[in-house]
Amino acid sequence: MTRLLWAALALSLLFVPACSRKKPVTKLDDLPRHTYVLPGKASDAVTNAAAFAPLAKQVRMDIESDLKHYQIDDKTTLKRYDGTLLQLALLRCDDRTAKRLIKKIRALEDKPSARYLTGLVSEARMVAAKKANPRVDAKGYRRAFAEELRHRIAALPWDVVEADVKDLKGSFETRSRNLLLGVVQSEIEPAVAKTGTVSADIAARLVGIRAYLELSLPVKEEAVAVLGEAIAAHKVNKPDIWASRAVSFAPDEKLTPVGVGIWDSGVDAPLYPGQVLEENGKPAYIAFDLHSNRVEGLLHPIPDPSRLSAMEKQIKGLLDIRAAVDSPEAAAVKAQMAALAPDQVKAYLEETSLYGNYAHGTHVAGLAVEGNPAARIAVGRISFDYHMIPEKPTIEQTKKDVLAYQATVNFFKAHHVRVVNMSWGGSLKGVEEALEANGAGKDAAERAKVAREIFNLDKAGLRAALESAPEILFVTAAGNSDNDVAFDEVTPSSFKLPNLLVVGAVDQAGERTSFTSFGGNVSVYADGFEVKSRIPGGDVLPFSGTSMAAPEAANLAAKLIALDPALTPEGTIKLIRQGADKGTFALINPKRSVELLREDLSKR
């Protein structure tokens, strides 16, 4: 478009009647809330066409209305809206609209792999349906789908899409009709039974589940087979850029001990001998339960310790499945999940989540202190809810949480901690979801008001706690929701503080992961894909997430401070940014940042 045409367009906008201007949306909370009546069970909406039809019609109308009346520039929101419209179009066999929406969503994608894979399976299904009617010739349809998917996968640049193709295969392998129905019955139906309604977010989930049951599940075996063939044919790993950037200090190097706070789910301290701060001969820690009551113990308690070995194998199996690794644990998990009845899903998923929380802090701690004999861990244990229906958020509980935030920061200050890793966060949307899961409020709009009050209190309390320790550098994970942390008001990653560093995740080749959150607040990116570290007991597992990227940056910060204890949080962040490899986004380069500091120290 020429500059003259842009000017003409801008001039024409001055004469658009005020009543037709779209309402600006600067944050997620600016969007309207919609509530839908469900006369029956939520599971009816995903299994019964007649029950689904009125919900589908209203959801489609509301999304189209929002897009018409609101100026939405956030790409994540647009992809979410268009994604739901796409699923609705596919369900009603509207190929023309579906193709248009796939093209639109791809144009919104910034991540190359996601751009290639968006709509790929749906396109293969649409082409197959033209060749063989799935209702008349199911076998011919599935065969045509496999051929088309194989053709499309073969045309993709493998070095770009490898990780996401493996993840897609794992997603197909772990999803079943019983699993999805179990999720609906355990997580959504209890609230529907209380209110008879669902929010737009839950309605969109129901649309997605019905689309999967109706469209993807019938070709599950073919999808798994074709994706497996492609993975087997391309056993070439991406280059690992991190080994050449790594810095590891020798035990006899002249370093100043530096306190590293692990504000997380707890740490198995004996795994890190000589690297844990002590108080009266014992590991220094502060711990709170889910209700922010002071408790004892370095690790989150497991109700049935005899289950620990089985829980670890479960987690390993799931990790292997998502990484397309054939292992005994992966095979066992596939068999176990295939045999689950809907009423067994809740217990299975909650136990998996519980173990993930149990292992998380120890895994993070290993990354934060690796290669740094001067690091000294101080544990700030926080408890995360692992239940499918989390506890109902309240003002009273939030006030206790705020006191716990400040108490934990005070603990770190008292122990002269210089760097604190925070691989966790919250959001306004998360509070609304928890309220709805508990059947609170008459509708989504009322929940939004309550959620805002609770969220603002929590947000202010956490911010005040971080501000009260300007001498501590807090390093936080951006989040794993593929969203703009500022637009979605994610805490603490949406905070702008001189002593806060927000970290996103890339893979071993330095390319942004499909899950990493982003935005102007995300200063640097670090390795967050299948990163190996220890879990309680000492075994090593590869976890993925910005939870792994943040301690990589905290590790670098602690090493810089060990070399120069006079560094301030601002000075440490500056060195990390200066040493980072610049491009579309900044990749931490520990080796270069340390070199810059050594050069500066040599001149003093």
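Within every chain, residues take consecutive numbers counted from 1 along the sequence as written. Whole-chain, interface and lining totals are the exception, using all residues; otherwise, since this is a predicted model, local features are given only for residues with pLDDT of at least 70 and side-chain atom pairs are given and counted only at 80 or more. Values reported for side chains reflect all heavy atoms of the structure, with hydrogen atoms and water molecules removed beforehand.

(A) Quick peek at the nonpolar core. Within this scheme, the nonpolar core is defined by two criteria: the residues are buried Ala, Val, Leu, Ile, Met, Phe, Trp, Tyr or Cys, and they are joined through side-chain atoms within 4.5 Å. Any residue under 20% of the maximum accessible area for its type is buried, any over 50% is exposed, and the rest in between are partly exposed; the area is computed with a 1.4 Å probe on protein chains only. Trp263, Phe474, Val475, Leu501 and Val503 are the most contacted members of the largest nonpolar core, which has 102 residues in total. Of all the elements, helix 19 (residues 546–563) adds the most residues to this core, at 12 residues. Working rule for contacts: check all heavy atoms of both residues, and any pair within 4.5 Å makes them a contact. Not counting residues within four places of it along the chain, the set of residues in contact with Phe474 comprises Trp263, Val409, Val420, Met422, Leu466, Ala469, Asn499, Leu500 and Leu501. If you look at the next biggest cluster of nonpolar residues, it comprises 70 residues, including Ala42, Val184, Val192 and Leu227. Secondary structure elements follow DSSP: runs of H or I no shorter than four residues count as helices, runs of E no shorter than two count as strands, and numbering proceeds from the N terminus.

(B) Seen up close, the sheet that holds strand 9 (residues 375–381). At least two bridges found by DSSP between two strands is the condition for calling them paired. Strand order in the open sheet formed by seven strands is 8-9-5-10-12-14-15, with parallel pairing between adjacent strands. Each having just a single partner strand, strand 8 (285–287) and strand 15 (524–527) make up the two edges of the open sheet. Each strand axis lies, on average, 25 degrees off the axis of its neighbour in the sheet, ignoring direction. Bridging between strand 10 (residues 417–422) and strand 12 (residues 473–477) involves four bridges; their strand directions are parallel. Angles run from 0 to 180 degrees between N-to-C directions of axes, and those axes are lines fitted to C-alpha atoms, restricted for helices to the stretch in contact.

(C) Here's a closer look at the packing of helix 20 (residues 569–579) against helix 21 (residues 590–603). Interhelical geometry of helix 20 versus helix 21 gives an angle of 120 degrees and a closest axis separation of 8 Å. Classified by the angle their axes make, helix 20 and helix 21 are oblique. Like other packed secondary-structure pairs, helix 20 and helix 21 cross with a definite hand, here right-handed. Residue-level inspection shows Leu575, Ile576, Gln578 and Gly579 of helix 20 in contact with helix 21, the latter providing Arg592, Ser593, Leu596 and Leu597. Under this scheme an angle from 65 to 115 degrees is roughly perpendicular, one under 35 degrees roughly parallel, and one over 145 degrees roughly antiparallel; angles in between are oblique. Each crossing is labelled by how the near helix is turned from the far one, with a counterclockwise turn of less than a right angle marking it left-handed and a clockwise turn marking it right-handed.

(D) Molecular detail of helix 17 (residues 428–437). The buried fraction of helix 17 is high, at seven of 10 residues. Three or more residues of helix 17 are buried, namely Leu428, Val431, Glu432, Ala434, Leu435, Glu436 and Ala437. Positive phi appears at Gly439, one or two residues downstream of helix 17, with a value of about 70 degrees.

(E) Structural view of the pairing of strand 9. A large share of strand 9 lies buried, amounting to six of its seven residues. For strand 5 (residues 258–264) and strand 9, the ladder comprises seven bridges, and the chain directions are parallel. Pairing of Val258 across the sheet is with Ala375, part of strand 9. Summarising the sheet, strand 8 and strand 9 pair through three bridges and their orientation is parallel. Across the sheet, residue Tyr285 finds its bridge partner in strand 9, namely Val379.

(F) Examining the side chain of Thr546 more closely. When you line up the elements, Thr546 lands in helix 19. A relative accessible area of 1% places Thr546 in the buried class. When sequence neighbours within four positions are dropped, the list of residues in contact with Thr546 reads Ser423, Ala477, Ala478, Gly479, Asn480, Val503, Gly504, Ala505, Phe515 and Thr516.

(G) Just the pattern of salt bridges, in detail. When a carboxyl oxygen of Asp or Glu is within 4 Å of a side-chain nitrogen of Lys or Arg, the pair counts as a salt bridge. Tallied over the full model, the rule gives 36 salt bridges. Note that Arg598 is salt-bridged to Glu253, the shortest N-O span being 2.7 Å. Of this pair, Arg598 sits in helix 21 while Glu253 sits in the loop between helix 12 (220–233) and strand 5, placing them 345 residues apart in sequence. Linking Glu595 and Arg592 is a salt bridge whose minimum nitrogen-to-oxygen distance equals 3.6 Å. Of the two residues, Glu595 and Arg592 both sit in helix 21, three residues apart, roughly one turn of that helix. Take Arg592: its relative accessible area is 33%, and that puts it in the partly exposed class. Here the salt bridges share partners, and the residues they tie into one network are Asp29, Arg33, Glu432, Arg452, Lys459 and Glu489.

(H) Examining unusual backbone geometry more closely. The peptide bond linking Thr491 to Pro492 adopts the cis configuration, its omega dihedral lying at 0 degrees. When you line up the elements, Pro492 lands in the loop between strand 13 (490–491) and strand 14 (500–506). One non-glycine residue, Ala324, lies in positive phi territory at about 60 degrees. On the secondary structure map, Ala324 appears in the loop between helix 13 (308–322) and helix 14 (328–338).

(I) Structural detail: the environment of Asn237. Of note, Asn237 is situated in the loop between helix 12 and strand 5. Linking Asn237 and Asp137, residues 100 residues apart in sequence, is a C-alpha distance of 39 Å.

(J) Structural context of the packing of helix 3 (residues 49–69) against helix 4 (residues 75–91). It is at 10 Å that the axes of helix 3 and helix 4 come closest, and there the two elements cross at 140 degrees. Viewed along their axes, helix 3 and helix 4 form a crossing whose handedness is left-handed. Contact with helix 3, carried on its side by Phe52, Ala56, Val59, Arg60, Ile63, Glu64, Asp66 and Leu67, involves Leu78, Tyr81, Asp82, Thr84, Leu85, Leu88 and Leu91 of helix 4 and no other residues of that element. Three categories are distinguished: nonpolar for Ala, Val, Leu, Ile, Met, Phe, Trp, Tyr, Cys and Pro, charged for Asp, Glu, Lys and Arg, and polar for the others, with Gly belonging to the last. Broken down by class, the residue content of the contact of helix 3 with helix 4 amounts to 10 nonpolar, one polar and four charged.

(K) Quick look at the environment of Phe495. Here Phe495 lies in the loop between strand 13 and strand 14. Looking at Phe495, the relative accessible area reads 3%, which means it is buried. The spacing of Phe495 and Ile72 is 423 residues in sequence and 22 Å in space, taken between C-alpha atoms. Setting aside residues no more than four positions away along its own chain, Phe495 makes contact with Lys459, Leu462, Arg463, Leu466, Leu500 and Asn521.

(L) The side chain of Asp320, seen in detail. Assignment of secondary structure puts Asp320 in helix 13. Aside from chain neighbours lying at most four places away, what touches Asp320 is Val325, Ser327, Glu329 and Ala330.

(M) Inspection of the environment of Ile63 at higher detail. With respect to the helices, strands and loops of the structure, Ile63 is situated in helix 3. Sequence spacing of Ile63 and Tyr81 is 18 residues, and the spatial spacing of their C-alpha atoms is 6.4 Å. Beyond its immediate stretch of four places on either side in the chain, Ile63 contacts Tyr81, Thr84 and Leu85.

(N) Representation of the pairing of strand 14 within the structure. For strand 14, the tally of buried residues reaches seven of seven residues, placing the bulk of the element in the interior. Residues of strand 14 alternate between two faces, with Leu500, Val502, Gly504 and Val506 on one and Leu501, Val503 and Ala505 on the opposite face, all of them buried. Judged from the four bridges that link them, strand 12 and strand 14 form a sheet pairing that is parallel. Pairing of Ala477 across the sheet is with Val503, part of strand 14. Where strand 14 lies against strand 15, four bridges are found, and the strand directions are parallel. Pairing of Val506 across the sheet is with Asp527, part of strand 15.

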